[in-house]
Amino acid sequence: MKRVFLVTKIVFMNRLLTSFRSYSTSRRGRVLAKFGVALQVASLVLLIIIFIASAIVTHMEGRINIFSYASPDDPLVASSLITVFILSLLYFSGAKAIVYYPSDEFLLYQPLQLYEIYIGLYLGESLAYLLITALVLAFFLRIAPKIAYTLFFSVIFVILVLAPVIRLVIVVAFKRGYLEIVRSLLYIYIVMGVVYTVYEVLNQKSFTLSPLLLYPASAGYLLGIEMMKTLSFVAIAIYPLTCLGLGLVLAYPLGKAIDVSDFVSFEEVAFRRQLSLKELKRDLVLDWGSPEEAVKKSLLYPVFTPRRVVTRYGLGMLVALALGKAIRFAVKALNINIQVPVFIVIPVLATFLASLTYSIVYEFLLYDIKFLWILRLYLADMGIYARMLLIKSFIKVMLSAEILLLFLAELMNSYVYASAPLILPLPLVLYAFTLTLFTLPYMRRVRIQTIADVVRSESTAFARDPVTLLLGMVNIVMAYVILSTLVFVAPVMVSASQPYMFIVLAAVYVSTYVVYKLSVKLLQKKFTEVDVPI
Amino acid sequence: MVTGKAIVVDGITKSFGEVIAVNNISFSVDHGSIYCLVGSNGAGKTTTLKIVVGLLKPDSGRVLIEGVDVYVNRVEALKRVGFVPDYPNLPAYLTPLEFFYYVASLRGFKRSDIEEDVRSYVKLFGLENEVNKPIIALSRGNLQKTAIIAALIVKPRVVVMDEPLTNIDIDSQIIFKKLVKKMAEEDKVALLISSHMLPLIEGVCTHVGIIDRGRMIAEGDMDTILRIAGEKARFEDVYMKIMGKSI
């Protein structure tokens, strides 16, 4: 047990240090990173203060009111969310191994039992995760007790008990060749749940989710609520500890069944993922033509683009259309004014667009700008590269926006939304340009070698890097602006300029072309002058 | 200004934040010379080489390639250069063979211009069984060999290499040494190489520059440098003496 806690402490410290580390060499960057650390510590302190204050200050009647929110109906939302999470964890778990960060590798050659390492890893990670998310939890607990309590207990239960135990079940089942059996049982379980739900709906003429689908997660929630009702405030503090204890009890026998080859580094997992993206089944390209053609082929031809990226957009559009149709059908059935959702869905869609376009940024980092050194050395005119990269990012931004606009068009039953990128391409060009421009300082700062560098930059190491923060903020704001422009301006433009439509369109296309040319010039200058770390 | 030199590095300085990576470094490399940059880890060798090939912009100073300023007339200067980075980032989705022709076409070569060279280098470095695999599937050593071949097939007048022999097998190290000697002696190519490998430095280099904490502390042709530590001195004796270290 002593060794388990030692490993926990090491992993916990490693995670925190990784999360709080600043990759900035400038004084301002380091100050920002320190501010991040201070914020995290403050959030933890705030969480503790809120717990104590709520126990001392809040009138007992008020606390009883808070608890009364946790009526037996509440588990429905939280439990179904968590059930989906658990089922997807079980199904989509590709690694089938215990993934560790490089900073933890030394643990594997220390005189420790493997289950001690595993338990220590997951305890340390869970605690670090809880500390990092303390601010969010504190926020929820302060302003929205109903949702907060519901999700708080369920999430803690999943993080500390179910996720690592399920991960171990997958590893052990995979090792012993039982994974397909586990998956088959999962399918049977899901089918039973769905059939039972349909049966209940038909019988009762109202929608009731089968309790079968909720059981895996509702246990944690109910346990937490029951403890809180009986033990009151003290339970809040001891609940996570109880979860940890339960996790330990469950992980101990499973941990004995693993061996050292079940531990796979984060880099290795990312490398395997990258390897699976490679294109092998194609003819070799040995005639590249002129320098311009070579850049065009390497950047624009689908043969070099991972299949996943090519199919993603097609699939996305189909899903968007289906979803739009389904929601329109539901909205009609429930007799809701269809005009209302447009204003509600824009921010949501903009956030989606921002996350969709992040994949473009990662692709820049992985496949395009990563090889800037080759082009800087071997290509005479960086204008060719700037032009092709801008066209490529424009196409991708347009396709990403089109997915969301198709959804909106189907929802509103008005296909003017879907044609908005063609009517008003200017904001998309600006967005593509901004994304490309803002990726450069990111590339300059970090030596990108593998997909792991990028994935890690998304998850932990660079989360508090000032450049990453800036990139994220710009992306979200720009996504919001361009979607709003497309959705609100394009239809108005079509209806208001009806007699002069062609003149207006010509003016729009001319100005877009001018902006495109200016963007290429600016990018060319940047690509020629920027420091390339390789 | 020195004329007729293949590479002239004239008082370059480069800082990253508060760290001065390269501090007023100057040296020059003639055609037919093999100039080795030597120094401890973090001394500033890689930064110097990246400035020479125009990947980093110096805060002050300049670099001339065959008399052409890398920053004033980048295109003209870099036409003459081949470069091997310390950790080559190569397009993972291409095969080495595709990559060779890709690089060559960026320089304006046709496939037929380099076909013979590609074939002979691939055979020389024993890459025959690897050239049709995607680059991501290559071992670290084969990745390095790919980068070396790519730098050589563009028929450069100046070759800059950062730790070119890292992870490379012994056979290829021997071949590499013979190859660079031949390029310098017969083709009068200028080579600027950073290395930690004593056999490469002693067996191949005609000139040496020793860098410490961003500054050039000793520089000259190999014979002159060796004499610093006395008659029949080896390079390691000179290095230890210059760095003020003893075992």
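Residues numbered from 1 in each chain as written. Chains lettered and ligands numbered in written order. Predicted model: local features only at pLDDT ≥ 70, side-chain atom pairs only at ≥ 80, totals over all residues.

**A look at the overall build of chain B**
And step 1. In terms of helices and strands, chain B carries 9 helices and 10 strands.
And step 2. For 247 residues, the compact-globule estimate of 2.2 N^0.38 gives 18 Å, and chain B sits close to it at 18 Å.
And step 3. Taking all 247 residues of chain B together, the buried fraction comes to 49%.
And step 4. Intrachain contacts of chain B at a sequence separation of at least 6 include 67% that bridge at least 24 residues. (Helix = DSSP H or I, 4+ residues; strand = E, 2+ residues; numbered from the N terminus. Rg over C-alpha atoms; globule rule 2.2 N^0.38 Å. Buried ≥ 20, exposed ≤ 12 C-beta atoms within 10 Å, placed from the backbone. Contact = placed C-beta atoms within 7 Å.)

**A closer look at the interface of chain A and chain B**
And step 1. The interface is formed by 34 residues belonging to chain A together with 35 residues belonging to chain B.
And step 2. Taken together, the elements giving at least two residues each to the side of chain A that touches chain B come down to α11 (266-277), α12 (291-300), α15 (372-378) and α21 (501-529) of chain A.
And step 3. Looking at which element gives the most residues to the side of chain A that touches chain B, the answer is α15 of chain A, with 6 residues.
And step 4. Of the residues that constitute the side of chain A that touches chain B, the class distribution is 20 nonpolar, 7 polar and 7 charged. (Nonpolar A, V, L, I, M, F, W, Y, C, P; charged D, E, K, R; others polar.)

**Considering the sheet that holds strand β10 (residues 215-221) of chain B**
Residue and element names in this part refer to chain B.
And step 1. The 6 strands lie next to each other as β6-β7-β8-β3-β9-β10, forming an open sheet whose pairing is mixed. Looking at the sheet topology across the chains shown, the edges are occupied by β6 (81-84) and β10. In this sheet, neighbouring strand axes are inclined to one another by 15° on average, regardless of whether the strands run parallel or antiparallel.
And step 2. Here 6 bridges tie strand β9 (residues 207-212) to β10, and the two strands are oriented antiparallel to one another. When the bridges of β10 are listed, Val208 appears paired with Gly220.
And step 3. Against the sheet, helix α5 (residues 140-152) engages β6 and β7 (158-162), with an angle of about 175° to β6. (Pairing = 2+ DSSP bridges. Axes fitted to C-alpha atoms, helices over the stretch in contact; angles between N-to-C directions.)

**Digging into the sheet that holds strand β4 (residues 60-65) of chain B**
All names here are of chain B.
And step 1. What the 4 strands build is an open sheet, ordered β2-β1-β4-β5; its pairing is antiparallel. Edge strands, defined here as strands with exactly one partner in the open sheet, are β2 (19-29) and β5 (68-69).
And step 2. Bridge analysis of strand β1 (residues 7-16) against β4 gives 5 bridges, and the strand direction is antiparallel. Bridge assignment links Ile7 to a residue of β4, and that residue is Ile65.

**Some points on the confidence of the model for chain A**
Residues and elements named next belong to chain A.
And step 1. Averaged over every residue, the pLDDT of chain A is 70; residues scoring 70 or more account for 55%.
And step 2. When mean pLDDT is compared element by element in chain A, α21 scores highest at 90, while helix α19 (residues 451-459) scores lowest at 44.
And step 3. Note on residues 62-75: pLDDT under 50 across the span, and 14 contacts to partners over four residues away in sequence or across chains. (pLDDT = per-residue confidence, 0-100.)

**A few points about the packing of helix α3 (residues 96-106) of chain B against α5 of chain B**
All names here are of chain B.
And step 1. Put simply, α3 and α5 touch, their axes get as near as 9 Å, and they point 25° apart. It follows that α3 is roughly parallel to α5 by the angle criterion. Taken as a pair, α3 and α5 cross one another with a handedness that is right-handed. Between α3 and α5, the contacting residues are Pro96, Phe99, Phe100 and Val103 on the first element and Thr146, Ile149 and Ala150 on the second.
And step 2. Class assignment for the residues of the contact of α3 with α5 results in 6 nonpolar, 1 polar and no charged. (Parallel < 35°, antiparallel > 145°, perpendicular 65-115°, else oblique. Left-handed = near helix turned anticlockwise from the far one by under 90°.)

**A few points about unusual backbone geometry**
A negative phi angle is the norm for most residues apart from glycine, just as the trans form is the norm for most peptide bonds.
Residue and element names in this part refer to chain B.
And step 1. A positive phi angle, close to 50°, is found at Glu163, a residue other than glycine.
And step 2. With respect to the helices and strands, the residue Glu163 is situated in the loop between β7 and α6 (170-185).
And step 3. Classification of Glu163 by C-beta neighbours within 10 Å gives buried; the count is 21.
And step 4. Here the phi dihedral of Lys188 falls at roughly 60°; this positive angle occurs in a residue that is not glycine.
And step 5. Its place among the elements puts Lys188 in the loop between α6 and β8 (190-194).

**A short note on α21 of chain A**
And step 1. Between its first and last C-alpha atoms α21 of chain A spans 42 Å; for 29 residues at 1.5 Å apiece the expected length is 42 Å, and the two agree.
And step 2. Among all positions of α21 of chain A, only Tyr516, Ser519, Val520, Leu523 and Phe527 of chain A are buried. (Expected span 1.5 Å × (residues − 1).)

**Observations concerning the packing of α12 of chain A against α3 of chain B**
And step 1. Their axes nearest at 7 Å, the elements α12 of chain A and α3 of chain B cross at an angle of 135°. Considered as vectors, α12 of chain A and α3 of chain B are oriented oblique to each other. When you trace α12 of chain A past α3 of chain B, the crossing you get is left-handed. Of α3 of chain B, the residues touching α12 of chain A (which contributes Pro291, Ala294 and Ser298 of chain A) are Tyr102, Ser105 and Leu106 of chain B.

**Here we look at the pairing of β2 of chain B**
Residue and element names in this part refer to chain B.
And step 1. Here β1 runs beside β2; their pairing, made up of 7 bridges, is antiparallel. When the sheet's bridge partners are listed, Ile7 is paired in β2 with Val29.
And step 2. The hairpin turn running from β1 into β2, its antiparallel successor, is 2 residues long, and Gly17 in that turn takes a positive phi close to 60°.

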